[in-house]
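Descriptive analysis of the structure
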Amino acid sequence: VVTEYQLPQELLALHDAQGDSKGQIWFSSHKTQVVGQLDPKTGIVKEYTIPLTPGAMPGTHAVRLDKNDIPWFSENWGHNLNKLDPQTGKVIQVRIEDTVPLNAPGFGNFSMTDDGFVWDSRDFFLRKIDPKTGKVVQKWPIQVSFSYDNLISKDGKYYGGGSLPAWGNTVERMDLSTGKWIESTTGNHMSTAKRGGFDPYDNPWFGGGDGALVELNTKTGHIDEYWPPTAPSPLTDFYEAMPDKNGEVWAGVLHGRQMVRLDPKTGRWIVYQMPEPFTYDRRTYIDGSTNPVTVWYIDYNGYLVRVQPVD
């Protein structure tokens, strides 16, 4: 069962979705200063305003919920981290330490650990950032100038990074307690691991820009690619992929109508046809409190989409 929630038309270029413990879905707008929260039971949307930065274009990128259900938003153009109080609408805004000029892509995809620190990558380093000051408190060298996505495993033990958003052949994982890395590449083949998440076995997965789902198999240390039963690239390409609590991986075809579902244990693929001409999946959030899981994704065209499997 597929349900679409059309959001207010003034919210241009919806980018991320994330659910809190109460079932509310938070989302970001890549080209406006407005962010929001959807109540799926009522369809009511609440809007909140992010303060403007002089000289910078408005727009938020990633949204993350901390352990207290507080939403945090990054600003790719203004290079800020924003902490939003859902009760009052008050925003605490901190500029992230960076040498990138305003309006050039800067602080975008990030994750948080339960101790409150923020993690991203820049200038060939993984960075641990103090959210109260925006300062980098520790950093480690990585394979690329920056990983487009910056993942933290659900158990808080590992960091995972992929490649650049346009092209790349790298995936890597670091043990946060030891600093030990597993690093791998796909050689001359540009798998272009963009955005994703960790599976229950602490393997990072990414949507591949060349049309495959990309996994760093931490047992072998190799990158595995899984090719869906859909039309080949460029008709199938992915912006991200998200594993669920059972280890199955979900991903919306960026420029097609399909959402794919892979069981890596059996190799079974399920392909769902979406009602819109383009899925345009920028970020998937999976609600593991239901059985089967409930899958949400943000459609860049202005929709939040809920997929409820009936198996």
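Quick note: structure is the one above.
Residues numbered from 1 in each chain as written. Predicted model: local features only at pLDDT ≥ 70, side-chain atom pairs only at ≥ 80, totals over all residues. Heavy atoms only, no water.

Structural notes on the pairing of strand β12 (residues 125–129)
Counted only if it meets this: For every residue, the accessible area obtained with a 1.4 Å probe (protein chains only) is divided by the maximum for its type, and the residue is called buried under 20%, exposed over 50%, and partly exposed between those limits. Helix numbering and strand numbering both begin at the N terminus, where a helix is a DSSP run of H or I of at least 4 residues and a strand a DSSP run of E of at least 2. By definition, two strands form a pair when at least two bridges between them are found by DSSP.
Within β12, four of the five residues are buried, which leaves the element mostly enclosed by the surrounding structure. As defined by bridge partners, strand β11 (residues 118–122) adjoins β12 across five bridges and the pair is classed as antiparallel. Of the residues in β12, the one forming a bridge with Ser121 is Leu126. The loop that links β12 with its antiparallel partner strand β13 (residues 136–141) comprises six residues; one of these, Gly134, has a positive phi angle of about 80 degrees.

A short note on the sheet that holds strand β5 (residues 45–49)
Cut-off, in case you're wondering: Structural elements are reduced to axes, namely lines fitted to C-alpha atoms, with helices fitted over the stretch in contact, and the angle between N-to-C directions of any two is expressed from 0 to 180 degrees.
An order of β2-β3-β4-β5 is seen for the four strands of this open sheet, with the pairing classed as antiparallel. Across the chains shown, the open sheet's two edge strands, defined by having one partner strand only, are β2 (14–19) and β5. In this sheet, adjacent strand axes meet at a mean angle of 20 degrees when their direction is disregarded. Strand direction decides the pairing type here: strand β3 (residues 25–29) and strand β4 (residues 34–38), joined by three bridges, are antiparallel. Among the inter-strand pairings, Ile25 is bridged to a residue of β4, identified as Leu38.

Quick notes on the side chain of Asn109
Applied cut-off: As used in this structure description, the phrase polar contact means that two N or O atoms lie within 3.5 Å; if the pair is within protein, one of them must be able to donate a hydrogen and the other to accept it, and residues adjacent in sequence are counted only when both atoms belong to side chains. Whether two residues touch is decided by their heavy atoms; if any such pair falls within 4.5 Å, the residues are in contact.
Following the sequence through the fold, Asn109 ends up in the loop between β9 (91–95) and β10 (111–112). We classify Asn109 as buried; its relative accessible area is 5%. A polar contact is formed between the side chain of Asn109 and the side chain of Arg195, at a distance of 2.6 Å. Setting aside residues up to four positions removed in sequence, Asn109 forms contacts with His61, Ala62, Trp119, Asp120, Tyr148, Asp149, Asn150, Arg195 and Arg283.

Details of the nonpolar core
The following threshold applies: Only buried residues count toward a nonpolar core. Its members are Ala, Val, Leu, Ile, Met, Phe, Trp, Tyr and Cys residues joined through side-chain atoms within 4.5 Å.
Leu14, Ile25, Phe27, Leu38, Trp296, Ile298 and Leu304 are the most contacted members of the largest nonpolar core, which has 13 residues in total. For this core, the secondary structure elements donating two or more residues are β2, β3, β4 and β27 (294–299). Here Ile25 is in contact with Ala17, Gln18, Gly19, Gly36, Gln37, Leu38, Pro40, Tyr285, Trp296 and Leu304, once residues within four sequence places are set aside. Counting residues in each nonpolar core, the second largest holds 12 residues, with Trp250, Val293, Val295 and Tyr297 among its members.

Some thoughts on the pattern of salt bridges
Put simply, the test is: Whenever a carboxyl oxygen of Asp or Glu lies within 4 Å of a side-chain nitrogen of Lys or Arg, that contact is scored as a salt bridge.
For the structure shown, the criterion picks out 10 salt bridges. Arg283 is the salt-bridge partner of Glu240, the closest N and O atoms lying 3.5 Å from each other. Residue Glu240 is found in the loop between β21 (222–226) and β22 (242–243), and its partner Arg283 is found in strand β26 (residues 281–287); the two are separated by 43 residues along the sequence. Its relative accessible area of 2% is what places Arg283 among the buried residues.

So, the side chain of Asp98
Formally: By the counting rule applied here, Lys and Arg register as positive and Asp and Glu as negative, while His and the ends of each chain are not counted.
Here Asp98 is to be found in the loop between β9 and β10. Buried charge Asp98 goes without a salt bridge, the closest partner of opposite sign being Arg122 at 4.2 Å. Looking at Asp98, its side chain comes within polar contact range of the main-chain nitrogen of Val100, at 3.4 Å. If we ignore the near neighbours within four places in the chain, the residues touching Asp98 are Gly106, Phe107, Arg122 and Arg127.

As for the environment of Tyr201
Within the secondary structure layout, Tyr201 lies in the loop between β18 (193–198) and β19 (204–208). Of the residues examined, Tyr201 reaches a relative accessible area of 46% and is grouped as partly exposed. Remark: the alpha-carbon pair of Tyr201 and Leu81, spanning 120 residues in sequence, is separated by 30 Å. What Tyr201 contacts, discounting residues up to four positions off in sequence, is Asn246, Gly247 and Lys265. Among the polar contacts made by the side chain of Tyr201, one reaches the side chain of Lys265 at a distance of 3.0 Å.

What to know about empty space enclosed by the protein
Empty pockets left among the atoms are what a rolling probe the size of a water molecule brings to light. Threshold: Method remark: on a 1 Å grid restricted to protein atoms, a set of points is classed as a cavity if a 1.4 Å probe fits but cannot get out and as a pocket if it is open with protein on both sides within 12 Å along at least five of seven lines; lining residues have an atom within 4 Å of a point. Grid points are joined across faces, edges and corners, and a volume is the space filled by probe spheres set on the points. All amino acids are sorted into three groups, where Ala, Val, Leu, Ile, Met, Phe, Trp, Tyr, Cys and Pro are nonpolar, Asp, Glu, Lys and Arg are charged, and the leftover types, Gly among them, are polar.
A complete count under the given rule lists one cavity of 30 Å³ or more for this structure. In this model, the largest cavity occupies a volume close to 30 Å³. Residue composition of the lining of the largest cavity, grouped by class: four nonpolar, four polar and one charged.

What to know about the pairing of strand β15 (residues 158–161)
Across the two faces of β15 the burial is the same, with Tyr158 and Gly160 and Tyr159 and Gly161 all buried. In terms of strand pairing, strand β14 (residues 150–152) meets β15 through three bridges, oriented antiparallel. Paired with Asn150 across the bridge in β15 is Gly161. Linking two consecutive strands that pair antiparallel, namely β14 and β15, is a turn of five residues; a positive phi of about 75 degrees is found at Gly156 within it. Here β15 pairs with strand β16 (residues 170–175) via four bridges, running antiparallel. When the sheet's bridge partners are listed, Gly161 is paired in β16 with Glu172.

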